[in-house]
Amino acid sequence: GDDALGLRKFRLPYDNRSRILHVQARIIKPDGRIVDMPDDRTVKLPRFAPESPAARLYNDDGYLLGKIGKAEVGDIIELSYQRIIRDPRWLEPLQIGGDYPVVRGEVVINHPRTYEIDFRVTRFGELSRASPTKLPTQIPNLQGGEPLPGSRLVFVFEDEPAIYP
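Rules used throughout
Residues numbered from 1 in each chain as written. Predicted model: local features only at pLDDT ≥ 70, side-chain atom pairs only at ≥ 80, totals over all residues. Heavy atoms only, no water. Core = buried A, V, L, I, M, F, W, Y, C linked by side-chain atoms within 4.5 Å. Buried < 20%, exposed > 50% of the residue type's maximum accessible area, 1.4 Å probe, protein only. Helix = DSSP H or I, 4+ residues; strand = E, 2+ residues; numbered from the N terminus. Contact = heavy atoms within 4.5 Å. Pairing = 2+ DSSP bridges. Axes fitted to C-alpha atoms, helices over the stretch in contact; angles between N-to-C directions. Salt bridge = Lys/Arg side-chain N within 4 Å of Asp/Glu carboxyl O. pLDDT = per-residue confidence, 0-100.

### Considerations on the nonpolar core
- F10, L12, Y14, I20, V23, A25, I27, M37, L64, I68 and A71 form the largest nonpolar core, which has eleven residues in total.
- Only β1 (9-14) and β2 (18-28) provide two or more residues apiece to this core.
- A per-element tally of this core places β2 first, with four residues.
- Every residue in contact with I20, bar those within four places of it in the chain, is listed here: L12, P13, Y14, L64, Y81, Q82 and R83.
- Core analysis: the next-biggest nonpolar cluster, separate from the first, contains five residues, V107, V121, L153 and F157 among them.

### Let's talk about the sheet that holds strand β4 (residues 42-46)
- The strand order β1-β5-β4 describes an open sheet built from three strands, whose pairing is antiparallel. What marks the edges here is a single partner per strand, and that holds for β1 and β4. If you compare each strand with its neighbour and ignore which way they point, the axes differ by 25 degrees on average.
- Where β4 lies against strand β5 (residues 62-67), five bridges are found, and the strand directions are antiparallel. Bridging from a neighbouring strand, P46 pairs with G62 of β5.

### Quick word on the pairing of strand β11 (residues 148-160)
- Of the strand pairs in this sheet, strand β7 (residues 102-112) and β11 are connected by ten bridges, and their pairing is antiparallel. By the bridge assignment for β11, G105 is matched with F157.
- Pairing of strand β10 (residues 133-139) with β11, which is carried by seven bridges, proceeds in the antiparallel orientation. For I139, the partnering residue across the bridge sits in β11 and is L148.

### Things to note about the pattern of salt bridges
- Evaluation of the coordinates by the stated rule reveals seven salt bridges.
- One network of salt bridges, in which partners are shared, links K29, E72 and D75.

### Some remarks on the confidence of the model for the protein chain
- For the protein chain, the mean per-residue pLDDT works out to 81, and 90% of the residues sit at or above 70.
- Model confidence for the protein chain, summarised as mean pLDDT per element, is weakest for helix α1 (residues 53-57) at 77 and strongest for β10 at 94.

This is the structure we're talking about:
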């Protein structure tokens, strides 16, 4: 099949208030074969030129760029990553989809029970009634010691059309 070059590349925003710990990407072929992304296929790229005013304002912001492999028409591309957010007050919007339709997307948020999470889901600029499944979980204690009781919010998005059709 034709090489689906635009689909095999991904871009994850990062900043100095969060850390991307793990990225897993793979292609699932129509016959069931799986092609995993090698570990050395990601690179950090600054979002702004170092001398620009935006770079001084948004210090250490950028993108983690990656390339999964040779995707072809009919393949399923699977991308997952884990991000630890130190300061949730400045969380940028999370986007499911983009130039291409998404068959299934999931956003999972683990947080200590003492945190109130204000989330809003929009779809094409309109507020959506999407609500997460809420599950109990344990949160690692970053200062050491016992894990903290927490909640896991799971949002599932299915059959999302392209955002820029």
